[in-house]
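Here is how the chains run, residue by residue.
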Amino acid sequence: MTVQVRDLTFSYGREPVLSGVDLTVASGEFVALLGVNGCGKSTLLKLIAGLLTPTEGVVLLDGIPLSGLSRRQIARRVAVLHQSLPPVPGLTVEQLVRQGRYPARGPLGMLWEPDADHHTEEALDLAGVTHLAGRVLDTLSGGERQRVRLALAVAQRAPVLLLDEPTAHLDIRHQLEVLTVVRELRAARGLTVIAVLHEIDHAARFAERIVALRGGRVHADGPPDRVVTPRLLAEVFGVAGRVVMDELHRSPRCLPDHPVATPVAASGGA
Ligand SMILES: Nc1ncnc2c1ncn2[C@@H]1O[C@H](COP(=O)(O)OP(=O)(O)OP(=O)(O)O)[C@@H](O)[C@H]1O
């Protein structure tokens, strides 16, 4: 499913967080969104998921504006891995992940779904949390909760997968596992993936395209070996550093050195 963002502007208050953002992500593409804290990455994902309404501009899924789709229709098309889990006391991992199937069921979620067990088990397995199925959410570690968030998003089986910092709280092994699962899912199911990542090396290795935001706009957009440069480190992150090629994975790797300037977090000073 193709995601198109056209001339998108959004403000929470007076100052726009995003202004005039244009972005087209083709069906089956894996795009990493980069940028400094507070530059609007999560906001952009929320706008694509229809959780926020643009001040100006439009988001289209396969050419259909989000405004023409119901909440359930959007949820069948777009799954989101959020930065947090819903605070429902006493809820177990399995109960939560089963809820990921909600958009696939009938009106009010009342209709029986024959494959619900299979899809729930598959999502738990893919995210590596089958052993946590009976655990209550509040008792999980940060990394365990993170993988449950992935299971919840995967269970939805939507053609567009939006991931907001999917590797936060994870040790290095689990970071690689999660990104590998996402890459494999994308290949197996033809998913369109947009992931906010802070680890530039991971973005360069796992995504086929990098979009860097700065000042509320798209500052750089292209394949990792073209976008990840010392100039990007300086202009987007305010860091002096080198970039070398990892020949094994054929992807650029950053060697950040020191801060050089304060990068621009929101619009108005780009
Ligand atoms: N609900 C809200 N109300 C008001 N301002 C908000 C709200 N949510 C986010 N903001 C502000 O909008 C800006 C963009 O926030 P956003 O969460 O999209 O940034 P981000 O790039 O995802 O940041 P991070 O890398 O720190 O997660 C920030 O300045 C933030 O403080």
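Residues numbered from 1 in each chain as written. Predicted model: local features only at pLDDT ≥ 70, side-chain atom pairs only at ≥ 80, totals over all residues.

Partitioning the protein into domains gives domain 1 (1-77 + 158-232) and domain 2 (94-154). Look at where the C-alpha atoms of domain 1 and domain 2 centre, and you get two points 23 Å apart. The interface is formed by 14 residues belonging to domain 1 together with 12 residues belonging to domain 2. Looking at the side of domain 1 that touches domain 2, the elements with two or more residues in it are helix 2 (71-77) and helix 6 (172-189). (Domains from an automatic or database assignment. Contact = placed C-beta atoms within 7 Å. Helix = DSSP H or I, 4+ residues; strand = E, 2+ residues; numbered from the N terminus.)

Looking now at the sheet that holds strand 6 (residues 78-81). The mixed open sheet is built from six strands, whose spatial order is 6-7-8-3-9-10. With one partner strand each, in any of the chains shown, strand 6 and strand 10 (217-222) form the two edges of the open sheet. Averaged over all pairs of adjacent strands, the angle between strand axes in this sheet comes to 15 degrees, irrespective of strand direction. Here strand 3 (residues 30-34) pairs with strand 9 (residues 209-214) via four bridges, running parallel. Residue Val31 lies in a different strand from strand 9, and its bridge partner there is Arg209. (Pairing = 2+ DSSP bridges. Axes fitted to C-alpha atoms, helices over the stretch in contact; angles between N-to-C directions.)

What follows concerns helix 6. Helix length check: helix 6 (18 residues) gives 26 Å between terminal C-alpha atoms against 26 Å at 1.5 Å per residue, within 8%. Buried residues in helix 6 make contact with helix 5 (142-155), strand 7 (160-164), strand 8 (192-196) and helix 7 (200-206). Positive phi appears at Gly190, one or two residues downstream of helix 6, with a value of about 65 degrees. (Expected span 1.5 Å × (residues − 1).)

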